[in-house]
Amino acid sequence: MDIPALSMALSQIETLGDVGTAVLSNSLDAAREQGSAMAEMIDSAAMELSVNPGVGANIDISI
């Protein structure tokens, strides 16, 4: 059994796991930021409807 090679392989696996965790953490942070921005847009749209309730309520279609 090659102990040094096994030790290096386990170290590489641990490093890959740490990198994967860091990438997942970054993508989770980005998703949270996008969710917050989306919630802000929804809130601002609700404010627009409360100020101008008739805006966007009807669609004119001519055939």
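The notes below deal with the structure included here. Nothing here was measured: the structure is a model prediction, and the numbers come from that model.

Another point: the overall build of the protein chain. Along its length, the protein chain carries one helix and zero strands. With an accessible surface of roughly 5,800 Å², the protein chain has 64% of that area assigned to carbon and sulfur atoms.

On the surface, a cluster of nonpolar side chains totalling about 400 Å² of accessible area is made up of Ile 3, Leu 6, Leu 10 and Ile 13. Within the secondary structure, Leu 6 is located in helix α1 (residues 3-51). The exposure class of Leu 6 is partly exposed, given its relative accessible area of 41%.

Here is what the cut-offs are and how they apply
Residues numbered from 1 in each chain as written. Predicted model: local features only at pLDDT ≥ 70, side-chain atom pairs only at ≥ 80, totals over all residues. Heavy atoms only, no water. Helix = DSSP H or I, 4+ residues; strand = E, 2+ residues; numbered from the N terminus. Areas by Shrake-Rupley, 256 points an atom, 1.4 Å probe, with all protein chains shown as cover. Patch = residues over 30% accessible without salt bridge, like charges linked within 9 Å, V, L, I, M, F, W, Y side chains within 5 Å. Salt bridge = Lys/Arg side-chain N within 4 Å of Asp/Glu carboxyl O. Buried < 20%, exposed > 50% of the residue type's maximum accessible area, 1.4 Å probe, protein only.

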